[in-house]
Amino acid sequence: MTGMACSIAGVHFKNPIVMASGTFGFGREYGSLYDINRLGGISGKGLTLHPKDGNNGIRVYETPSGMLNSVGLENPGVTYFLREECEYWAGLDLARIANLGGNTLEDYVEGARLIEEDSLLRRTKGKQAVDMIELNISCPNVKAGGMAYGIKTEVAREVVREIRRVTSLPLMIKLSPNAEDIVRMAGMCEEEGADAVSLVNTFSAMKIDIYKRRSVFDNLYAGLSGPAIKPIALRMVHQVSKAVSIPVVGMGGIQSAEDIIEFIMAGAAVVQVGTHNFVNLRAGEQLIDELQAFMEREKIEALDEIRGIL
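Computed from a predicted structure; not experimentally measured.

Q: Mind showing me how you'd approach the sheet that holds strand S3 (residues 17-19) here?
A: Where strands meet in a sheet, backbone hydrogen bonds hold them as pairs that are either parallel or antiparallel. Read once around its circumference, the closed barrel built from eight strands follows the order S3-S4-S7-S8-S9-S10-S15-S16, with strand pairing classed as parallel. Neighbour-to-neighbour, the strand axes of the sheet open up by a mean angle of 25°, direction not taken into account. Here strand S10 (residues 196-199) runs beside strand S15 (residues 248-251); their pairing, made up of three bridges, is parallel. By the bridge assignment for S15, Ser-198 is matched with Val-249. Against the sheet, helix H2 (residues 78-90) touches strand S4 (41-43) and strand S7 (95-100), its axis set at about 170° to S7.

Q: Would you mind going over the pattern of salt bridges with me for this structure?
A: Here the idea is simple: oppositely charged side chains can pair when their charged atoms come close. Counting across every chain of the model gives 24 salt bridges. Across the pair Glu-192 and Arg-161 runs a salt bridge whose closest N-O atoms are separated by 2.8 Å. Note that Glu-192 is positioned in the loop between helix H5 (182-191) and S10 and Arg-161 in helix H4 (residues 153-166), a separation of 31 residues in sequence. Given the relative accessible area of 13%, Glu-192 is considered buried.

Q: Help me understand a nonpolar patch on the surface in this model?
A: Taken together, the side chains of Met-206, Ile-208, Ile-210, Tyr-211, Leu-220 and Tyr-221 define a hydrophobic patch exposed on the protein surface, amounting to about 680 Å² of accessible area. With respect to the element layout, Tyr-211 can be found in the loop between strand S12 (208-209) and strand S13 (214-215). Given the relative accessible area of 73%, Tyr-211 is considered exposed.

Q: What should I look at first to understand the nonpolar core in this one?
A: Grouped burial of nonpolar side chains is what soluble globular proteins tend to show. Core analysis: the largest hydrophobic core is formed by 85 residues, its most contacted members being Leu-39, Ile-173, Leu-175 and Leu-199. Top element by residues in this core is helix H7 (residues 257-266). It accounts for six residues. Non-local contacts of Leu-39, meaning those with residues more than four positions away in its chain, are made with Lys-14, Asn-15, Ile-17, Met-19, Phe-24, Tyr-34, Leu-94, Gly-284 and Ile-288. With 13 residues, the next largest nonpolar core counts Cys-6, Ile-8, Phe-13 and Ala-269 among its residues.

Q: How should H4 be read in this particular structure?
A: Every α-helical turn comprises 3.6 residues, leaving residues that sit three or four positions apart pointing alike. Along its 14 residues, H4 runs 20 Å from first to last C-alpha, staying within 8% of the 20 Å computed at 1.5 Å per residue. Here H4 has its buried residues at Thr-153, Ala-156, Arg-157, Val-159, Val-160 and Ile-163. Looking at the packing, one finds that the buried side of H4 touches helix H3 (105-124), strand S8 (132-136), strand S9 (171-174) and H5.

Q: Sorry if this is basic, but what is going on with the sheet that holds strand S14 (residues 222-225) here?
A: Pairing within the open sheet is antiparallel, and its four strands lie in the order S5-S6-S14-S11. The open sheet is flanked by strand S5 (60-63) and strand S11 (203-205), the only strands paired with a single partner. Strand-to-strand twist across the sheet, computed as the mean angle between neighbouring axes with direction ignored, equals 35°. Across three bridges, the pairing between strand S6 (residues 66-69) and S14 is antiparallel. If you follow Leu-68 over to S14, its bridge partner there is Leu-224.

Rules used throughout
Residues numbered from 1 in each chain as written. Predicted model: local features only at pLDDT ≥ 70, side-chain atom pairs only at ≥ 80, totals over all residues. Heavy atoms only, no water. Pairing = 2+ DSSP bridges. Helix = DSSP H or I, 4+ residues; strand = E, 2+ residues; numbered from the N terminus. Axes fitted to C-alpha atoms, helices over the stretch in contact; angles between N-to-C directions. Contact = heavy atoms within 4.5 Å. Salt bridge = Lys/Arg side-chain N within 4 Å of Asp/Glu carboxyl O. Buried < 20%, exposed > 50% of the residue type's maximum accessible area, 1.4 Å probe, protein only. Patch = residues over 30% accessible without salt bridge, like charges linked within 9 Å, V, L, I, M, F, W, Y side chains within 5 Å. Areas by Shrake-Rupley, 256 points an atom, 1.4 Å probe, with all protein chains shown as cover. Core = buried A, V, L, I, M, F, W, Y, C linked by side-chain atoms within 4.5 Å. Expected span 1.5 Å × (residues − 1).

Limitation: the analysis is restricted to geometry and does not speak to function.
This is how it looks when you write it as structure tokens:
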């Protein structure tokens, strides 16, 4: 057997394939299709402190080699997640990552505090359910006119710093490709004590209905994901991995073992698979098998042999 295992901040991943937030729920539905314990990990549905209904109107629109989404972080809230989903997560044998967003600094901090509090309690009972927090800083800052926290480095710094103060869990920051300087943003995250960064989130994009003469989306713009963004995401992962010493988690249009290998060679510790889950409901198990076969075929005994070789 070839070695696909890796770790981030003491969290074990049996292989580098993690299901990306917003594309896999909390795993239950996909778990009825295949054994999701084969995965390296799950980044759960994006959470906010309070439940959110999400955006009105069209939420998903297929594009050439990708998709646009304007879901608006619809979610049941942190308290519901801790009460209703964590028992299921506690029974899973993979890395479990809670994805946390917010529209104010106070909401971010309180959400992280509740996850930390629950995690400490579960740890004493031997029923750990969350191994890591992935902080989504692409959320709009309602106190700054709606600009996303992840655009300006110094605005994001305060969020990362305050979350680091309230949680002992490994902390990963999910970076927006729309940042003014994504390399500087990643460096700031390392300075403020983040254990890893993940990138990239979706690109701001648009679709116009030329017959109705308006944007397809009520919010005008939406997030572009899928294979169309992969070459740009790969470049950003390479740049960031060369600039920081903390692990980098790569994502953006991954749909094959060859894509995974590219991100690993660019410097990624593990990868996240998102849009491809909608194309292939069994994407996780298929990618694991394909990656294993590729490594055996190319005589790669462990991913460390090729990680960051460029």
